[in-house]
Amino acid sequence: MNGLDETTPGAAKPLIIFDCDGVLVDSEPISLAVLMEMLGDSGISIGLERASALFLGRSLASMVKTAEEEYGLAIDDAFLSAMRQKLYARFRAELRPTDGIIAALEALEAEGIAWCVASSSQPERIELSLTVTGIRPRFDPPIFSASMVERGKPAPDLFLHAARRMGRPPRECVVIEDSPAGIMAARAAQMRVLAYTGGSHTGLADYRAELERLKPETQFDAMSDLLQLVLPAGRPRDNPDA
């Protein structure tokens with residue numbers, strides 16, 4: 001369903017742009033654990049709070065750059081290949097969809113609201129994440145990766161690229177993000193941004209403090225609230241003809 005509804009003016013029904021990790025799938029604890037393990041094998045000890053602050057929601061290119069700038073670690077292809085193998089194996093065994101996301105997508109579909117995904121991850125990781133959690137068919141074909149643009153989050157490039165490809169101006173887009181980098185990217189793209197805080201990684205103190213500093217439009221921790229949050233103002237769910 002998630003193509004454009006050409007019978008309805010775009011302003012009446014926003015385009016929802018989902019981040020993937022931590023929003024559609026509960027992957028961030030797995031991802032951070034694997035990264036910390038790989039860094040540890042390279043002689044770099046890093047705690048969960050620090051790893052989250054440096055790497056959460058950022059692209060692969062950004063991760064490589066940060067590892068070199070912060071720790072002097074030159075990440076090569078062998079490191080990345082080994083990390084992917086460990087990560088993908090754990091995804092296949094452990095990854096689950098975010099609680100309530102399937103019902104939330106069904107509710108959006110019933111309202112004729114379009115959506116897509118725009119993630120910092122590589123395309124093959126997005127495909128795997130959505131496939132093993134059973135929600136890949138709901139994102140066919142609008143999947144956008146940071147590898148498609150010059151700059152990843154917190155730059156606005158990825159969200160602007162997704163909006164252009166979906167035929168929508170930024171003012172008609174609502175971004176659903178969990179990471180500070182993603183919130184900054186959506187803000188820079190001049191899009192509405194809602195912070196999803198229901199993931200199992202969002203209890204970190206530094207994470208919560210950074211969200212408060214960035215002041216997204218709202219924070220919510222239940223996907224069952226999503227439809228009401230994105231419906232156009234003045235058109236409550238129980239009065240669809242308003």
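Residues numbered from 1 in each chain as written. Predicted model: local features only at pLDDT ≥ 70, side-chain atom pairs only at ≥ 80, totals over all residues. Heavy atoms only, no water.

1. Details of the environment of Gly-57
Considering the arrangement of structural elements, one finds Gly-57 in the loop between helix H2 (48-55) and helix H3 (60-71). Gly-57 has contacts with Glu-28, Ser-120, Lys-153, Ser-179 and Ala-181, leaving out every residue within four places of it along the chain. (Helix = DSSP H or I, 4+ residues; strand = E, 2+ residues; numbered from the N terminus. Contact = heavy atoms within 4.5 Å.)

2. Notes on unusual backbone geometry
As a rule of thumb, non-glycine residues mostly have phi less than zero, and peptide bonds are mostly trans rather than cis. Following Lys-153, the chain continues to Pro-154 via a peptide bond in cis, the omega torsion being 15°. Looking at the secondary structure, you find Pro-154 in the loop between strand S3 (143-145) and helix H7 (157-165). Positioned with a positive phi, Lys-215 is a non-glycine residue whose angle comes to about 50°. Relative to the helices and strands, Lys-215 is located in the loop between helix H9 (205-214) and strand S6 (218-220). You can call Lys-215 exposed: its relative accessible area is 60%. (Buried < 20%, exposed > 50% of the residue type's maximum accessible area, 1.4 Å probe, protein only.)

3. Structural notes on the nonpolar core
Counting 78 residues, the largest nonpolar core has Ile-17, Phe-18, Leu-108, Ile-176 and Leu-226 as the members making the most contacts within it. Ignoring any residue separated from it by four or fewer positions in sequence, one finds Leu-108 in contact with Ile-16, Phe-18, Ile-113, Trp-115, Leu-226, Leu-227 and Val-230. (Core = buried A, V, L, I, M, F, W, Y, C linked by side-chain atoms within 4.5 Å.)

4. Overview of the side chain of Glu-28
Looking at the secondary structure, you find Glu-28 in helix H1 (residues 28-41). Of the side chains with opposite charge, Arg-125 lies nearest to the buried Glu-28, which makes no salt bridge, at 4.8 Å. Setting aside anything within four residues of it in sequence, one finds Glu-28 in contact with Asp-21, Gly-22, Leu-56, Gly-57, Asp-178 and His-201. (Lys, Arg positive; Asp, Glu negative; His and termini not counted. Salt bridge = Lys/Arg side-chain N within 4 Å of Asp/Glu carboxyl O.)

5. Looking at the sheet that holds strand S1 (residues 15-18)
Strand order across the open sheet formed by six strands is S3-S2-S1-S4-S5-S6, with parallel pairing between neighbours. The sheet is open, and its two borders are formed by S3 and S6, each paired with just one other strand. Mean inter-strand twist for the sheet, computed between neighbouring axes without regard to direction, equals 25°. Where strand S5 (residues 192-196) lies against S6, three bridges are found, and the strand directions are parallel. Paired with Ala-195 across the strands is Gln-219, a residue of S6. Across the sheet, helix H5 (residues 101-110) is in contact with S1 and strand S2 (115-119); its angle to S1 comes to roughly 160°. Set on the sheet, helix H6 (residues 123-132) makes contact with S2 and S3; between it and S3 the angle comes to about 140°. (Pairing = 2+ DSSP bridges. Axes fitted to C-alpha atoms, helices over the stretch in contact; angles between N-to-C directions.)

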